[in-house]
Structure formats: C-alpha cells, structure tokens
Amino acid sequence: MTEKIITIREALSSALREEMLRDERVFIMGEEVGVWGGTYAVTRGFLDEFGARRVRDTPISEMVIAGAAVGAAMAGLRPVAEIMTINFAFVAMDAIVNHMAKVRYMFNGQFTVPMVIRTTTGGGKQLAATHSHAPEVIFAHFPGMYVAVPGTAYDAKGMLKAAIRDDNPVLFVEHSTMLQRRSPVPVDDPDFLLPIGKSDIKRTGKDVTIVTYQKGLEWSTQAAEMLAQEGIEAEIIDLRWLRPLDLEPVFESVKKTNRAVIVEESLPMFNVGAEVAAQLQEQVFDYLDAPVKRVSAMDQPLPYAANIELMALPDAQKVVKAVKEVL
Amino acid sequence: MAETIQMPKLGFDMAEGTLVRWVKKVGDPINKGDVIAEIETDKATIEIETTASGTILKHLVNEGDVVPVGADIALVGEPGEAAEGAAPAARPAPEAASEPAPVEAPAATPAQPAVAVQVKAGDGRLPSGVKASPLARRIARDKGLDLSQIPGSGPGGRIVRRDVESFTPMQAPPAPPKAAPVPAAPPAAGPVAPPSFGPLPAGPDVEAVPTSKLRARIGRRMVEAKQQVPHFYVTTEMDVEALLNLRQQLNASLEEGAAKISVNDMIVKATALTLRKFPNLNSHFYGDQIVRHKRIHIGIAVALEDGLINVVARDADRTALGTMAAQNKDMVARAREGKVKPEDIEGATFTISNLGPYEVDQFIAIINPPEAGILAIGAAKQVPVVRPDGTIGVGWRMKVTISVDHRISDGAEAARFLQEMKKLIENPMSLLI
Amino acid sequence: MAAPKKDTLLDWYRQMVLIRRFEEKCAELYQQGKIGGFLHLYIGQEATGVGVVSALRDHDHIITAYRDHGIALAKGMEPRRVMAEMLGKRTGTSGGKGGSMHLADREKRFWGGHGIVGGHLPLAAGIALKARYLEQDEVVVALMGDGATNIGYFHESLNLSAVWDLPVVWLIENNGYGMGTAVERASGQPELVKRAIAYGMREGPRVDGMDVLAVHEAVSEAIAYAAKHGPVLMESLTYRFEGHSMGDPQRYRSKDEVARYAEGDPIGRFRTYLDGKFKNVLPELDEIERQVQATIAEAVEFAENSPEPTYEDLVSFVYA
C-alpha cells in the first residue's frame, strides 16, 4: 500500500471523490460547494468533474440543507451535505436532532438515513463570539447519529469514507485551522476505511493519560514533547469519534497511569471532559491516584482581539500545567 | 470444645495465600499432621497440615478465597458439636486478568506486625481529615494499612500511590535483631506496571499466555531489586583443577547409593566458609538498619519449567559436604516437582546462581533483596594458562562474579571476599574440615 | 378530466366515513385514558385528505404533519394496526414507538406524520430531490397546516424546491387556525397561496377543501404540473370541527362558528352529491357505514388485545 504525506484538506477531498466515483447515489450539497469550490476548497474541481447534478450549490438555508438531505437519504440517496461552519448548524438543529437522528427510531426502523453532514469547527481566527467555538459535543448528546472529530489526514480520510458508507447519519466535524496539517495517508486503496467509533492511542506513555481530539490532539502532542524533556511520559488517546464514544482504551490506559487529563477546545460546562471524567470515576475509580483534570476553553464567549482570544483558548502550556497538577 | 485451624504462615514474606482445595471435607475425621487443604502462595502450592485432631465441623473459607495469614480457616471438634466460629476473614479471589497481581505484604520490622495489621485490614473507609486517592485507598485496603498513619505527598497533602507503596508500618519500635532473627519481608514492592508497548498484539502469529503467579512474583522482586538496589559487580577467575580432582576422589570413595557431591555443593560450602569471614556480606538491608546474620544459609537458584526458586542450604558453613550434597539433591528434586516444604525455601542469607552446567562463561546476577549479594558462577573449563614459571599450559578455570548492594558494602570488600573464596576453591581440602 | 366511476366515488365515501368514525373512537379511547400524548383529530377535513390521496399516482409520495390519521387511513394503512399504534402496542404501525403523530408506511410511499411544525417540509424537498436526481416520474405532495407557513422551514424548503425545480405539490390545509391563532392574526398575507409569487413558483388554486371532488381534481392537476415543471403551492380551504388537540378549550372561536361550518360537513355534502348522482344509493351508503363500524370494532379489539412493546422494542432501531 502506498502512503503519501498529504493535508487534511486533500484527505477529505480524495475521500469524497473516491466515494462519489464508487457510488452514484453519493452527492454533495451545500453552500458554495460547486462554483466556489468549497469555502475551504475541499470540493474544488468537483463541479467540473461530477457536474451540477451531483455537486449542488444551495441557497444560504441550513434548515433545508440538513432537512432535504434527510429526506433524500430516507428515499435512498446518500447525501453529503455541507454546513459551512458548525455555528450555522445551530439554525439546523431541529433538522439534525429531531429528524436526522430520530426518524429511524420513531417509525420503528422503516427508514434509514445514510447521510453525512460535513462541517467545520474551532476558534483562533479572530471571528468573534458567534463563529469561534467548538460546540460539536452538543450534537454528541443525541442517540441516533454519530459525531466524527478527526485530527489527522489519515483519520480524516478513513473516517469520512467510512461515514459515507455507513447507513447511519454522521455529523462529520473538521477543524478549520487544521486543514493544512499533513500526515501519511494511503493513496491507492479505494477501500481505505477506519472503523466507526474507535479511539486511537496516538502516543504511549506511563505517567499520565491525556484524552483528547482534534485541536486538542495538537496541543496535547506539543505538551507531551515538552513533558518528555522532563522525563514525564504522557499517553495520548485520540477519541476520533464523540459518538460512538470509545473509552475502553482510556480505561485501560488510566489503569496503567492512574491519572487523566482531558484536553478539548469546547467550553467547560457539560463538555467532553465532563463525560469522560464521569465515566472514569464510574469505571476505574479505584485506579485513580489524582483527580481527573480538564483543559478547555474558558467559560465565556470568545472575543475578537487576538491576544485575549488566545487567552481564552487552551494551548500546550496549559496542558503541561494540568498534567503537572495531577502528577 | 471446638478448635480453630488458622492459615499458617508458610514463609517469612507470606501475608496471605489462596486456599485452592479442601482435602478434608466437613465431617471428615482428622489427626494432627493430616493434610487438610492445599494453598497456593506466590512461591508454590503447599499442603497444610492440621494442628488439631477431631472432626472437621466447618470450613470457614471457600476454595479460591485469598486468606490472610493467621485467619481462621476451619473449625475442628467432636462430631455433632455446634459449628460456631469466627467470621471468615477471607476475601474472594480477585478477577484474574483485569487486575494487577495483589500487592506484596508491607515491609515489616520485625515480621509480626505485618500480620497483625493485615488482620485488622482496612475497609477502604477514609479516616476523617485524611485525603487519599482512590488508588491509594485500594492499595491500602489490600495491604491492610491504616491511612491515618501514612503521610501524603500528593496535591494538598493527599495520600497517593507512592506514599502507600513506600510506607512501612512502625507499630513497634524496630528492636535490634536478636540472635538468629527471622528475616523480615523485603521492602514492599508494588505490582509490576505492565510496560506500555501499545495494544496487546493479537492474531495467528502470536500467542498470549497469562503471567503465572510465580513469574509475577519474580517480576516484582526483580523490578524492585533492579530499581532500588544499587548493584555493583566484581569478577574473578579461579583455578578449579584441584577442586575437580578432589571431587573425583570423594565421589569415587562414596558408598553405593550415596548422593554424589557436585561442583556446586563445593562452591556452596566455599561460599559459606568465606562468608564467615565477611559477616557484612551475610547481612540484610533495612534502610537505617543492616541486619547481620550469624547463621549462614545459602540460597541456591533452581531453574523450574516456569521460573526460578531458591532452595536453602542451611548452616552451609557447618554442614559436611556429603550431607549437604544429599540435602541439596532432595530439595532440588522437590522444587522441580512443585512440592517444596516451607523450610526448603525460607531464610536464605546469601544466594548463589550457577549457570556452569549450561556452559556459560560468565554472567551477572540480580540480588534477591534484602540480601547483600549474590554470586554468579560460570562453567569450569579448560583454557590456556600462564603457569607460575612463565610457561604456557592448559588449566581448569571458572569465572565468578559477585553482585553486591552498594548500600551495604563496597568494591574492596567484595574483591577481598572473592580473593578469600578463591583461596578456598584453589585449596579445596579446607572444604572438608 | 373524466368523472370518477361510481365504485371509486363510493370508496372515497367509505374512506371519509372510516376516518370520521375512527377518530370519534379515538377521542373516546383518549378520554378513557387508553390513548396518551397528543391527539390531533382530522374531523371536518376528511374531504381534503381523501381528495389528495385519491389524486396520487402509483409512484407519487405523500408526507404530512402530526394531524395524520386521515392520510394514513386514506393511504390504506390497516385500521387495526393504526389503532394499535394509538394504543401504544407493538403491533402498531411504528411498533408503539411513534404514536398518533408518527404514522408512516414506507411501502405505500407515505413518509409520515411528523411532530415538529414544518419539520417535514425539507424532507419533502429531499424526497423530491431523489426523484429528480434519478430522473424518476414521481411527485411529492407535502401537506401542511396554515400554521406551518410562518416557520423558517417553509421558506427554505419552498425556495429550494423552486431553485432546483423539484417535483413537489406544497399543499396548505388551511383550517383557519394555527392552534388558536387565526390565519389573519398570523400572516401578513392571509391569502397564503400568494406566497408562491415570492418564490417564483406556480401559484396553485385555493380549492374548496370541504369538497372531495374539487380537491381531487385540483390536486390531480397540480401533480401533473409538478411532474413536468416543478413545484406548485396550493391551498385547501377547510375547517376542523374539533379542537387543535384533545383538551383544547376553543376560546378562539364561537360555537356558532363551528355549527355554521358543520352545516357544510364534507361527508354530508358528499352523501347528498352521491344521492343526486346515483339512483337508490343511500342503502349502499348505509351499508358502508355498517361495514366501517365493524372495521372499527375489530380494530379496537385487535389493538386492545395486542401485546405491549418490550425492552427489545425500546432499544431497537436507534441505529441501522
């Protein structure tokens, strides 16, 4: 199998393209996916290659982007709908939560909803309060759908392809500041798929378990390097999916390290760390040698000015500090 | 009047054992000395002999239970007598795979308090005003430690794992050891943390085998030794021509059926005699106390199918070679059959590991704490030698390496020890005295 | 358009009576505590439901909101299984997991009953997109109440259907009230069908929703148009005789008003029509009434004797 070092953007783009070539029922719809080529350039060239039938520009109408994708999926197509940023998904919340995630259950399995909503998340770009949070955890609250949060090009490709092929609805969350991140990705395997709902040990270590995903993975990796200078070995577990949430490797890791730090970009109240910490005390209470620590954004709206925006967001130093507090 | 039978202490560092099988059922008549049950310790499966006679009225623990030393395990009395006894002190055996092996008994100076503490084992409750992590509480519960006595080094003074594991209960002030003290347990060793080599490999190309109790114990002891004991090593070469010749003569003159004397028996004897002159190396390390043993019991490492066990040649400096040869032969046989007696394996003051039979030139051994040292014996082999007259010839040589705990001794003493031992080996007639 | 045959007309009559009697029974069972949750009755609007469903071609689709019993029965869903769903039984059409508001039959191309006002409108667009995408001659009829025209979904769905030329007949069942708020109090443009102009969409007729023949004819034409040219917005002017849902005190309208509309009861009007058109048809209609009563009785018996859902039902079909 040939691997090539490519960006997350290229990984997403190739995953979409491969799946569209493989399955005629797969199509793309969303704002600026066609003529513009995608606001993050993920679908650049797609309109020329696949035509306007399969690459469908929509009006600025998130409710119907999500809802029409649900209808099309119920009827047998496999839509990949794009909602430009997850902040706009709030206006489509009902379509996503009440319809996408529930029609199968509510009608006792008469309908399946094989669709993906791709969207971007994350702050750090001076876009101020409405455009800057990482609220994907909100969507992980609801059974009936999955939430993907890849943090590497490798994962982005294998997870997106798996999401498109799965018969369940998936909210596929991409981080808007990580699209240029590179990693080796299989390029000549059209069936390169990663399992749905499997977390991944990104780094092994014996002193502390860092549970994280996406941007947090970056901060945690930097922090682990800094900690390694001082002889502290951090184990990093990348959740990759917020639902299904795979914490088994986390439990096993904490049995070994006896301490856990959860790192994420979300706001602190009711976030991923809250869930992970709760499950840790339920499952491995007797292995904890220190309180479980969370690193997240500050509990407030994000500002415009760069210096105070960075102040409100996590970074590697904050992760290092949190790790030292539990050692 | 019913009597109770207790879980015997079958080794100085035994704090608990798993009762694997009841040999005598309720209602069975027993006589003192009968085997009533089998228990498994870290070291071996051992049969328990009853200390009472009568009829078994009640089993107070179940097969599979882990029972602290000293806990009542059975009631014995007249048939029909009411079977009222102490509440069982056992806890169910831990789930195998999911938990690390139970933690060693705490270090105790002397040994007795460890048992006492164990019996009033903590129930996991936190004394008021004490902060302890869940893990520290679990370890304390397993080891029967009182959290209120343990200083905490974690955030906000919280007791964390390292505090519990390094804690030595000091109920009684440590009395200086009297004559022939019972060696106390080694410093407590935590479970061996599994190394973080990523997920367990699986698939057709590998086979996962559960770590046996013996292996786990060896693992814990050796990790502890390598981590805590500052080893240093000294090697020398000894001329064993005379020793081999003497051995041949001795064995040739043996009566029919008598055990043959091995090279190893002679090395044991030489070591023991040397240790007489180096009491510091026949001692055990307990931090602020170094306990010198006045008797010399040499542990002999015996390879088993699934590990290693040390049998003990007692008073090796005072035992005749022929007697020692017979005793050693029996002990080794029992060890290989998994039927050692407690006295076979307890009380070593110094240890020898001999890989000579495997044609090993030279190696270094890990000290078995709290012992001061260990000898690693290579093979006796013919090599070119420079004779005292300067000519080249062929001679028999054997390399011996001593590993020593630097907290107890230094290089010069170790070197003198080898020098002294070399004299004995090269003039072996003194071994017969 | 050729006039329907007698058999067809009698079958429409049967459907309208079935819906009426079925719902009267539901109200009774609701008051007995055997039906829970919300119960939105269709009584008074039967001519619209039957007229719309009768206009569908074999491969057409229909989707509606939570006032869905009439569409379900007109689409030929088994009354006994619909009744079982009402009673929350595992033999129900949604296994007892959907209830009154969530009836659907995938095989019959009835895409549900949906509980969120307007939430099903984008679904209709999506189903129509499937037909367009696969170049199939299928039309989706999306029913909605007048109340749904003021929610964002309405705007986004109708606009998208116009931009993409989707084969949808958007049909407003205008019964005069969104819950208790009269259309004139809720819409700047109370002539709801005029909204079509804003989307560049064909403005369909405002049809008399109490006349099953008129509804049938208007919807048939709209379907034919949509199949060829894209979306149509039309309106059926109707009236519900019961409250918005069970327990509605109906302070927003007078008893006189209800009585006035009751004089134009769609079933009575259709009966009169049939009586005028066919000789000696009344005994046949009475026989239909008796058969419907028997069907309802059997449906209730089946539903009441059906088993309740189990734990397995509770946890099944969350995921594919």
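1. Observations concerning the overall build of chain B
- If you tally the helices and strands in chain B, you get nine helices and 17 strands.
- Put simply, chain B has 433 residues, and 40% of those count as buried.

2. Some details on the overall build of chain A
- Counting secondary structure elements, chain A contains 13 helices and 14 strands.
- Within the span of chain A, comprising 327 residues, buried residues form 59% of the whole.
- The contacts in chain A between residues at least 6 apart in sequence include a share of 79% that link residues at least 24 apart.

3. Structural notes on the nonpolar core
- Ranked by size, the top nonpolar core spans 212 residues in total, and within it Ala 66, Ala 69 and Val 70 of chain A together with Val 141, Ala 142 and Val 169 of chain C carry the most contacts.
- With residues up to four places along the chain from it excluded, the contact list for Ala 66 of chain A reads Ala 81, Ile 83, Ala 92, Ala 95, Ile 96, Met 100 and Ile 117 of chain A.
- Formed by 54 residues, the second largest nonpolar core is a distinct cluster that contains Leu 281, Ala 335, Ile 377 and Met 398 of chain B.

4. Some thoughts on the interface of chain B and chain A
- Counting residues at the interface gives 14 residues for chain B, matched by 14 residues for chain A.
- Sort the elements by how many residues they give to the side of chain B that touches chain A and helix α2 (residues 134–143) of chain B lands first, with four residues.

5. Digging into the interface of chain A and chain C
- At the junction of the two partners, chain A supplies 34 residues and chain C supplies 32 residues.
- Only α3 (62–74), α5 (93–100) and α6 (103–106) of chain A provide two or more residues apiece to the side of chain A that touches chain C.
- With nine residues, the single largest contributor to the side of chain A that touches chain C is α3 of chain A.
- Residues of the side of chain A that touches chain C, tallied by class, amount to 17 nonpolar, 13 polar and four charged.

6. Some remarks on the sheet that holds strand β6 (residues 146–148) of chain A
Residue and element names in this part refer to chain A.
- On the basis of which strands lie adjacent, the open sheet formed by seven strands has the order β3-β2-β4-β5-β7-β6-β12 and mixed pairing. What marks the edges here is a single partner per strand, and that holds for β3 (55–57) and β12 (241–243). Strand after strand, the sheet turns through a mean of 20 degrees between neighbouring axes, direction not considered.
- Of the pairings in the sheet, the one linking β6 to β12 comprises two bridges and is antiparallel in character. Residue Ala 148 lies in a different strand from β12, and its bridge partner there is Trp 241.

7. Some details on the sheet that holds strand β5 (residues 45–49) of chain B
All names here are of chain B.
- The four strands are arranged β5-β4-β2-β7 in an open sheet whose pairing can be described as antiparallel. Among the strands making up the open sheet, the edge pair consists of β5 and β7 (66–68). Between one strand axis and the next, the sheet turns by 45 degrees as a mean value, whatever way the strands run.
- Looking at chain direction, strand β2 (residues 16–22) and β7 are connected through three bridges and run antiparallel. The partner of Glu 16 across the bridge, within β7, is Pro 68.

8. A few points about the packing of helix α6 (residues 263–277) of chain B against helix α7 (residues 321–337) of chain B
All names here are of chain B.
- Contact geometry of α6 with α7 gives a least axis separation of 10 Å together with a crossing angle of 120 degrees. The angle between α6 and α7 falls in the class oblique. When the axes of α6 and α7 are compared, the crossing they make is right-handed. Note on element contacts: α7 touches α6 through Leu 321, Met 324, Ala 325 and Asn 328, opposite Asp 265, Met 266, Val 268 and Lys 269.
- Considered class by class, the residues forming the contact of α6 with α7 number five nonpolar, one polar and two charged.

9. Overview of the pairing of strand β5 (residues 116–121) of chain A
Residue and element names in this part refer to chain A.
- The element β5 is extensively covered by neighbouring structure, given that six of its six residues are classed as buried.
- Residues Val 116, Arg 118 and Thr 120 of β5 are buried on one face, and the alternating residues Ile 117, Thr 119 and Thr 121, pointing to the opposite face, are buried as well.
- In the sheet, β5 pairs with strand β7 (residues 170–175) via six bridges, with the strands oriented parallel. Among the inter-strand pairings, Ile 117 is bridged to a residue of β7, identified as Leu 171.

10. A short note on unusual backbone geometry
- The step from Arg 243 of chain A to Pro 244 of chain A runs through a cis peptide bond, and the omega angle for that step is 0 degrees.
- Looking at the element boundaries, Pro 244 of chain A is found in the loop between β12 and α10 (248–257).
- With an omega of 5 degrees, the peptide bond running from Pro 369 of chain B to Pro 370 of chain B counts as cis.
- Mapped onto the fold, Pro 370 of chain B is located in the loop between β14 (350–354) and β15 (373–377).

11. Some words on α3 of chain A
- Under the 1.5 Å per step criterion, the end-to-end length of α3 of chain A is 18 Å for 13 residues, consistent within 8% with the ideal 18 Å.
- Where burial is concerned, most of α3 of chain A is hidden: 13 out of the 13 residues are buried.

12. Regarding the packing of α3 of chain A against helix α5 (residues 121–133) of chain C
- Closest axis-to-axis distance for the α3 of chain A/α5 of chain C pair is 6 Å, and the angle between their directions is 50 degrees. Accordingly, the angle class assigned to the pair α3 of chain A and α5 of chain C is oblique. For the pair α3 of chain A and α5 of chain C, the crossing hand works out as right-handed. Between α3 of chain A, through Met 63, Val 64, Gly 67, Ala 68, Ala 69, Val 70, Gly 71, Ala 72 and Met 74 of chain A, and α5 of chain C, the contact on the second element is made entirely by Pro 122, Leu 123, Ala 124, Ala 125, Gly 126, Ile 127, Leu 129 and Lys 130 of chain C.
- Residues belonging to the contact of α3 of chain A with α5 of chain C are distributed by class as follows: 13 nonpolar, three polar and one charged.

13. Some words on the environment of Arg 202 of chain C
Residues and elements named next belong to chain C.
- Relative to the helices and strands, Arg 202 is located in strand β6 (residues 202–208).
- Take Arg 202: there are 18 C-beta atoms within 10 Å of it, and that puts it in the partly exposed class.
- Sequence spacing of Arg 202 and Ala 162 is 40 residues, and the spatial spacing of their C-alpha atoms is 9.2 Å.
- Those residues within four positions of Arg 202 in sequence are excluded, and the remaining contacts are Ala 196, Tyr 225, His 229 and Val 232.

14. Observations concerning the environment of Leu 247 of chain A
All names here are of chain A.
- Along the chain, Leu 247 turns up in the loop between β12 and α10.
- For the pair Leu 247 and Asp 200, spaced 47 residues apart in sequence, the C-alpha separation works out to 10.0 Å.
- Each residue touching Leu 247, except ones within four places of it in the same chain, is listed here: Val 276 and Gln 279.

15. Quick look at the environment of Tyr 233 of chain B
Residues and elements named next belong to chain B.
- Examined against the element boundaries, Tyr 233 turns out to sit in strand β9 (residues 231–239).
- Owing to 14 C-beta atoms within 10 Å, Tyr 233 belongs among the partly exposed residues under this scheme.
- Sequence separation between Tyr 233 and Gly 373 is 140 residues, and the spatial gap between their C-alpha atoms is 9.5 Å.
- With residues near it in sequence (within four places) discarded, Tyr 233 still touches Ile 364, Thr 401 and Ser 403.

16. Brief notes about the confidence of the model for chain B
All names here are of chain B.
- Summarising the model, chain B shows a mean pLDDT of 80, and 81% of its residues fall at 70 or more.
- The weakest mean pLDDT in chain B belongs to helix α1 (residues 112–119) at 33; the strongest belongs to β15 at 95.
- For residues 92–122, every residue scores under 50 in pLDDT, and the model assigns this stretch 81 contacts once sequence neighbours within four places are set aside.
- Confidence drops under a pLDDT of 50 for residues 171–191, and excluding neighbours within four residues, the segment shows 53 contacts in the predicted structure.
- Confidence estimates for the predicted assembly give a pTM of 0.66 and an ipTM of 0.94.

Reading guide: rules and limits
- Residues numbered from 1 in each chain as written.
- Chains lettered and ligands numbered in written order.
- Predicted model: local features only at pLDDT ≥ 70, side-chain atom pairs only at ≥ 80, totals over all residues.
- Helix = DSSP H or I, 4+ residues; strand = E, 2+ residues; numbered from the N terminus.
- Buried ≥ 20, exposed ≤ 12 C-beta atoms within 10 Å, placed from the backbone.
- Contact = placed C-beta atoms within 7 Å.
- Core = buried A, V, L, I, M, F, W, Y, C linked by C-beta atoms within 7 Å.
- Nonpolar A, V, L, I, M, F, W, Y, C, P; charged D, E, K, R; others polar.
- Pairing = 2+ DSSP bridges.
- Axes fitted to C-alpha atoms, helices over the stretch in contact; angles between N-to-C directions.
- Parallel < 35°, antiparallel > 145°, perpendicular 65-115°, else oblique.
- Left-handed = near helix turned anticlockwise from the far one by under 90°.
- Expected span 1.5 Å × (residues − 1).
- pLDDT = per-residue confidence, 0-100.

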